[in-house]
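# Survey of secondary and tertiary structure
These are the residues of each chain, in order.
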Amino acid sequence: MKRSIKAQLSLTITLIVLVTVLLISVLANVFINQRFEEYITKKQEQKTQEIVSNLSQQYNAQQEEWDVNFIHTIGMNVLYDGYIIKVYGEDSEAIWDAKKHDISLCTQVMADISQRMEEKYPRMNGTFTSKDFDLTQAGTKIGTVSISYYGPYFLSENDFQFLNALNVILITVGIFAFLFSLIIGWLMAKHFSRPITKTVAITQQIAKGNYNIRFDEHTKIKELEDLVISVNYLAECLNKQEGLRKQLTADVAHELRTPLTTISTHLEAMIEGVWTPTEERLQSCHEEINRISKLVKDLEGLARVESDNLKLNKVQIDIMDIIYTICSNLEIELKNKNLTLEIDGTTTYIKADKDRINQVILNLLSNAIKYTPDNGHIKIAVSKTKNTAIVMIKDNGIGIDQEELPFIFERFYRADKSRNRKTGGAGIGLAIVQSIINAHGGEILVESKLDQGSCFTMILPKGG
Ligand code: ADP
């Protein structure tokens, strides 16, 4: 059977406290009892010494006389404490005997003590035994005293009260500790289990597609706080992904709709005989189909880059080499617009995926050509630092509005000026560029001024 974290924690804490309290009580009882026995035994020895010394002082050596009155007072006093004494003179003649004096009181004292001790210490098997002690004065024996008490030791009424009070304290502390542990355990368990239970509920909501849900409480426990942060982050990421997915579907549909509508209406008009299928009209349909093909190709390229991000085939490449090859391939486009091209830089080796870097430079250079009017100028400059290679592609073309700059790397984003179908592509080229550069651990920066030109700078780590 599965137990909840709350039940498990409460139970464990209560059990630990219970065992600890029990252990402390038992050990305290054993140790205190042991100490107490030692203390009582010592106290009894002292008491007998005291009796002997007090009695010894009651003899007047000059008059050779005992102060029987005082001995009587001593005898009666100690009788109430549980000591029954019998005093003998030098010639063993009885001077004072407690039993003779008050046998009924002696019997009652003995019975009381025996009963109390047998009740509390049944295994002690104690009895009243007598011990003889010499009474001396200045080293001379003057008599004997026989002291009889319950042995090996006995506890007075006060001693029992003290032990009982101690037991009551221990039991009370135990009960309080137990209750306290129950409350603390329950509170702690609640503190632990609440974020976990809530996280479970939230992940279930996330699984159902409710990505907007967030955990808005905080806990002081680091691991639980991390868990909460992770779950919130997961929800946020899924939400973003979901948004991107919807956006992508909408964008693709939007991009396809215009050329498809054009083709469809043109063909319809030709089929219905409204339009004669001239070469020019067929050419226009062909261009639209080409646009769709390019879009599909671009999308494929983006999908590949985004899914292959981690599978880069890194080799040692010379960036200048790649730039020269691309430029010679684009010679016709440059010539068509009468653009001048300046290339600056020396051999720069980096470790990177050749095809991908080729694609990045091709996209950036194609854009520079696309968005620079006839007779414009494009400059490519390659430089290096200790750990990086820097490629700058600068044109004096149409430029980009400052407000639009932050979005140009997003998929399907096209700055307003280029919304012209003739020049503008689908707005995927820079998204591919950014994906590739990010995968290489580099970064791409852009500076641009409307009608003055743009400058794209990519920084790539040399080591790949
Ligand atoms: P596109 O296929 O439309 O060129 P890109 O992702 O390559 O898509 O570029 C996104 C947008 O950024 C372009 O539509 C254009 O508005 C702007 N852009 C990119 N490069 C330049 C440039 N060199 N000069 C001016 N605008 C540019």
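Residues numbered from 1 in each chain as written. Predicted model: local features only at pLDDT ≥ 70, side-chain atom pairs only at ≥ 80, totals over all residues. Heavy atoms only, no water.

The next subject is the pattern of salt bridges. All told, the structure shown has 11 salt bridges when counted by the stated rule. Between Lys43 and Asp159 there is a salt bridge; the shortest N-O distance is 4.0 Å. Of the two residues, Lys43 sits in helix H1 (residues 5-56) while Asp159 sits in helix H5 (residues 157-207), which places them 116 residues apart along the sequence. Residue classification places Lys43 among the partly exposed positions, given a relative accessible area of 36%. (Salt bridge = Lys/Arg side-chain N within 4 Å of Asp/Glu carboxyl O. Helix = DSSP H or I, 4+ residues; strand = E, 2+ residues; numbered from the N terminus. Buried < 20%, exposed > 50% of the residue type's maximum accessible area, 1.4 Å probe, protein only.)

Attention now moves to a negative patch on the surface. A surface patch of negative charge is lined by Glu64, Glu90, Asp91 and Glu93. Following the sequence through the fold, Glu90 ends up in the loop between strand S3 (84-88) and strand S4 (94-97). (Patch = residues over 30% accessible without salt bridge, like charges linked within 9 Å, V, L, I, M, F, W, Y side chains within 5 Å. Areas by Shrake-Rupley, 256 points an atom, 1.4 Å probe, with all protein chains shown as cover. Lys, Arg positive; Asp, Glu negative; His and termini not counted. Charge placed at Lys NZ, Arg CZ, Asp CG, Glu CD.)

Once that is clear, we can look at the sheet that holds strand S12 (residues 443-449). Ordered in space as S8-S10-S11-S13-S12, the 5 strands form an open sheet in which the pairing is mixed. Each edge of the open sheet carries a strand with a single partner, namely strand S8 (340-344) and S12. Strand-to-strand twist in this sheet, taken as the mean axis angle between neighbours without regard to direction, amounts to 10 degrees. Across 8 bridges, strand S11 (residues 388-395) lies against strand S13 (residues 453-461) in antiparallel orientation. Opposite Lys394, over in S13, you have Cys455 as the bridge partner. Its contacts with the sheet place helix H10 (residues 354-370) against strand S10 (377-384), S11, S12 and S13, and it is angled at close to 20 degrees to S11. Here helix H11 (residues 429-439) sits on the sheet in contact with S12 and S13, set at roughly 145 degrees to S12. (Pairing = 2+ DSSP bridges. Axes fitted to C-alpha atoms, helices over the stretch in contact; angles between N-to-C directions. Contact = heavy atoms within 4.5 Å.)

With that out of the way, let us pick up the sheet that holds strand S5 (residues 127-137). Reading across from one edge, S4-S3-S6-S5 is the order of the 4 strands in this open sheet, with antiparallel pairing throughout. Two strands bound the open sheet, and with one partner strand each, they are S4 and S5. Strand-to-strand twist of the sheet, defined as the mean angle between neighbouring strand axes without regard to direction, takes the value 15 degrees. Pairing between S5 and strand S6 (residues 140-151): 11 bridges, direction antiparallel. Residue pairing across strands places Gln137 opposite Thr140, the latter belonging to S6. Across the sheet, helix H2 (residues 68-80) lies against S3 and S4, angled at about 35 degrees from S4, the strand it touches most.

If you walk through the whole model with that rule in mind, you get 10 aromatic pairs. Look at Tyr59 and Trp66: their rings are 4.9 Å apart centre to centre, the planes differ by 50 degrees, and that puts the pair in the tilted class. Neither Tyr59 nor Trp66 differs from the other in exposure class; each is buried. Among the aromatic residues, those joined into a cluster by ring pairs are Phe36, Tyr39 and Phe162. Over the aromatic face of Phe215 sits the side chain of Lys198, whose NZ or CZ is 5.3 Å from the ring centroid. Its guanidinium or amino end placed over the ring of Trp275, Arg281 lies 4.2 Å from that ring's centre, counting from NZ or CZ. (Phe/Tyr/Trp six-rings, centres within 6.5 Å; stacked < 30°, edge-to-face > 60°. Lys NZ or Arg CZ within 6 Å of the ring centre and 35° of its normal.)

Attention now goes to H10. Here H10 contains 17 residues, and its C-alpha end-to-end distance of 24 Å stays within 8% of the 24 Å for a straight helix at 1.5 Å per residue. The complete set of buried residues in H10 reads Arg356, Ile357, Val360, Ile361, Asn363, Leu364, Leu365, Asn367, Ala368 and Ile369. N-capping of H10 is provided by Asp353, with a side-chain oxygen placed 3.2 Å from the backbone N of Asp355. (Expected span 1.5 Å × (residues − 1). Polar contact = N/O pair within 3.5 Å; in protein donor to acceptor, adjacent residues only side chain to side chain.)

Helix length check: helix H7 (residues 279-307) (29 residues) gives 41 Å between terminal C-alpha atoms against 42 Å at 1.5 Å per residue, within 8%. Within the sequence span of H7, burial applies to Cys285, Glu288, Ile292, Leu295, Asp298, Leu299, Gly301, Leu302 and Val305. Contact partners of the buried residues in H7: helix H6 (222-271), H10 and H11.

Moving on, we get to the confidence of the model for the chain. In the predicted model, the chain carries a mean pLDDT of 88, and 97% of its residues have values of at least 70. Between residues 417-421, whose pLDDT stays under 50, and residues either more than four places distant or in other chains, the model counts 10 contacts. (pLDDT = per-residue confidence, 0-100.)

Once that is clear, we can look at the side chain of Arg116. Here Arg116 shows up in helix H4 (residues 103-120). A polar contact is formed between the side chain of Arg116 and the backbone oxygen of Leu155, at a distance of 3.4 Å. The contact partners of Arg116, leaving out residues within four places of it in the chain, are Leu155, Ser156, Glu157 and Phe160.

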